[in-house]
Amino acid sequence: MSGGSSRTGRSLLLLAPLLVFLIGFFVWPLFSMMSQAISDPAVLRLLPRSAEVIGDWDRKSPPTMPMQTALMEDLKAVDDDQALGDMVRRLNSARSGFRTLMSKTTSALADPANPPADLVSIDKRWEKPEFWIAIADALSPYTDRNLLAAVDLGRNASGNIEHLPADQSVNRVILVRTFWIAALVTFFCACIGFPYAIIAASLDGWKRDLMLAAVLLPLWTSLLVRTAAWFILLQEQGLINDLLRGIGLIDAPLALIFNRTGVIIAMTHVLLPFMVLPIYSVLITIPKNLMPAAASLGAPPLRAFLRVLLPLSLRGVASGCLLVFISAIGYYITPALIGGPGDQMISSIIAFYATGSANWGMAGALGMVLLVATLVLYSVYARLSSDEPGRR
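A short tour of the structure in this document, coming up. Here the structure is a predicted model, which means the values were calculated and not measured.

1. Here we look at the overall build of the chain
Counting its regular elements, the chain contains 18 helices and two strands. The C-alpha radius of gyration computed for the chain amounts to 30 Å, which surpasses the reference 21 Å derived for 392 residues by more than 25%, pointing to a less compact arrangement than a globule. Judged by the C-alpha coordinates and their principal axes, the chain covers about 100 × 80 × 40 Å. Put simply, 69% of the contacts in the chain that link residues at least 6 apart link residues at least 24 apart.

Below, the structure written as structure tokens:
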């Protein structure tokens, strides 16, 4: 027992650097992203007195005097303009009009010569329960606002979930676009990769090695370098347009860049190995005498392919399709460099929220949506890849 325990201890020590790396560079960032998506303490941090008294309010009657007094004291104590701006943005997103209301209120409270008796004397809107309901809801340190907004949903004044207005509903369109582009890339990878894998599996020796090396070559090159290469090839004065004009197929250059066509071409080239390799790994396990046996029984080549080879290789095709699709939905560099404004995928929007507008809550929520979709697809891929042909 002691010898087994010591071996286990040594094994754990060997795994410790890997575990530390995974926790520090994967688990902790993932947890931070998820917490940003559901955490919003901007209001609670600045309105602690209001949080103590607003819990007894029935959310229907006008605000009580203790509620108004507590809110005035909280607003007078605020000395961080950035934190105040974050709170106002949070409240204004829940109830339109908070931006002007808060600006007017803080200005009145900052005037020592004419201190207001209550909030209603500053602005009649403080009599409306709707504004206080927004404050009461925002006092919770946790919110589903970002997660709902990630799929173009939100809560109305009654707290019910509803679709956002058309001018605010863009995330669902981008998500659909992302899945559509990923599906197109998966389709073209399957159309090219399946016959390529069949040919590679049917060869032997250096010919097979050459075909596999050709398809593996993109994996040995940086993604940015590959994308930049397609940027040069696809432009109007690029090699592809020059070749097509040189052989007389076109008179004017084709629009192959800054559009959906260029994105599909570049992503298909980059992700093709992830389609070929799973299919090839399944094809080499299929006995080579099955197709000749079908032919000897009178089956034409097409019928033998549809009835023998295709069913046996479907596991590899499904695994390759899922692997390509999972990789495609998270692409950022290729659509950003090759595509136009209407070709940007959800990863570009996540980058915008994270770096362009510093809205980490929305970036985390969209990242969670993408993560859930990826985990669901990956579970399907793991199920398919773990199935052995003999179990069918």
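2. So, the nonpolar core
It is characteristic of soluble globular proteins that their nonpolar side chains tend to be buried jointly. Counting residues in hydrophobic clusters, the biggest one holds 59 residues, and the most contacted among them are Val-185, Met-267, Leu-271, Ile-346 and Leu-366. Those elements that provide at least two residues to this core are helix H8 (145–150), helix H9 (171–202), helix H10 (205–216), helix H11 (223–234), helix H13 (260–283), helix H15 (301–328), helix H17 (346–356) and helix H18 (360–386). Dropping the residues within four chain positions of it, Ile-346 is found in contact with Ile-174, Leu-175, Thr-178, Ile-329, Leu-366 and Leu-370. Within the second largest apolar cluster, 30 residues are counted, among which are Trp-57, Met-102, Leu-109 and Trp-132.

3. A short note on H13
Relative to the 34 Å expected for 24 residues at 1.5 Å per residue, H13 spans 33 Å between its end C-alpha atoms, a close match to the ideal helical length. Residue Leu-271 marks the point of greatest curvature in H13, where the axis turns by about 45°; the proline Pro-273 follows within four residues. Summarising burial for H13: 17 of the 24 residues are buried, a large majority. Between a side-chain oxygen at the N-terminus of H13 and the backbone nitrogen of Thr-261 the separation is 3.3 Å; the capping residue is Asn-259.

4. Thoughts on the state of the cysteines
This model, assessed by the stated rule, comprises zero disulfides. Lacking any disulfide linkage, Cys-189 is separated from the closest cysteine sulfur, that of Cys-321, by 8.8 Å. Of the residues examined, Cys-189 reaches a relative accessible area of 0% and is grouped as buried. Take Cys-191: it sits in no disulfide, and the sulfur closest to it among the cysteines is that of Cys-321, at 9.2 Å.

5. A closer look at the pattern of salt bridges
Under the counting rule described, the total for this entry stands at ten salt bridges. Linking Arg-49 and Asp-74 is a salt bridge whose minimum nitrogen-to-oxygen distance equals 3.0 Å. Taken together, the positions of Arg-49 in helix H3 (residues 48–53) and Asp-74 in helix H4 (residues 65–77) put the pair 25 residues apart, joining distant regions of the chain. In this structure, Arg-260 and Asp-343 form a salt bridge, with 2.6 Å as the shortest nitrogen-oxygen distance. Highlighted residues: Arg-260 in helix H13 and Asp-343 in the loop between helix H16 (333–338) and H17, separated in sequence by 83 residues. Each of Arg-49, Glu-73 and Asp-74 takes part in salt bridges that share partners, so that together they form one network.

6. Some remarks on helix H6 (residues 98–109)
The terminal C-alpha atoms of H6, which comprises twelve residues, lie 16 Å apart, in line with the 16 Å expected from a rise of 1.5 Å per residue. Turning to H6, its buried residues number three or more, namely Phe-98, Leu-101, Met-102, Thr-105 and Leu-109. Each buried residue of H6 lies within a common arc of 95° when the element is viewed along its axis, so the set occupies one face. Structurally, H6 contributes buried residues whose contacts are with H4, helix H5 (81–94) and helix H7 (129–138).

7. Points about unusual backbone geometry
Here Arg-59, not a glycine, exhibits a phi torsion of approximately 65°, which is positive. With respect to the helices, strands and loops of the structure, Arg-59 is situated in the loop between H3 and H4. For Phe-258, which is not glycine, the phi dihedral falls at a positive 60°. Within the secondary structure, Phe-258 is located in the loop between helix H12 (239–246) and H13.

Calculation criteria
- Numbers given to residues run from 1 along each chain, matching the order in which its sequence is written.
- Residues qualify for local features only when their pLDDT is at least 70, as the model is predicted, and side-chain atom pairs are given and counted only at 80 or more; totals for whole chains, interfaces and linings, by contrast, use all residues.
- Computation of side-chain values covers all heavy atoms of the structure but excludes hydrogens and water.
- Strands here are runs of E lasting at least two residues and helices are runs of H or I lasting at least four, both read from the DSSP assignment and numbered beginning at the N terminus.
- Atoms counted for the radius of gyration: C-alpha only. Globule rule: 2.2 Å times the number of residues to the power 0.38.
- Residue contacts follow a heavy-atom distance rule, with two residues in contact if any of their heavy atoms lie within 4.5 Å.
- The set of buried Ala, Val, Leu, Ile, Met, Phe, Trp, Tyr and Cys residues whose side-chain atoms join them within 4.5 Å is what this entry labels a nonpolar core.
- The classification of residues rests on relative accessible area computed with a 1.4 Å probe and restricted to protein chains. Under 20% of the type maximum is buried, over 50% is exposed, and intermediate values are partly exposed.
- One less than the residue count of a helix, multiplied by 1.5 Å, gives the span that helix is expected to have.
- One axis fitted to the seven residues ending at a residue, another fitted to the seven starting there: the angle between these axes is the bend at that residue.
- Whenever a nitrogen or oxygen atom comes within 3.5 Å of another N or O atom, the pair is scored as a polar contact, on the condition that within protein one atom can donate a hydrogen and the other can accept it, and that pairs from neighbouring residues in sequence are kept only if both atoms are in side chains.
- The disulfide criterion used throughout: a pair of cysteine sulfur atoms within 2.5 Å.
- Whenever a carboxyl oxygen of Asp or Glu lies within 4 Å of a side-chain nitrogen of Lys or Arg, that contact is scored as a salt bridge.
- To obtain the arc, one takes the directions from the helix axis to the C-beta atoms.

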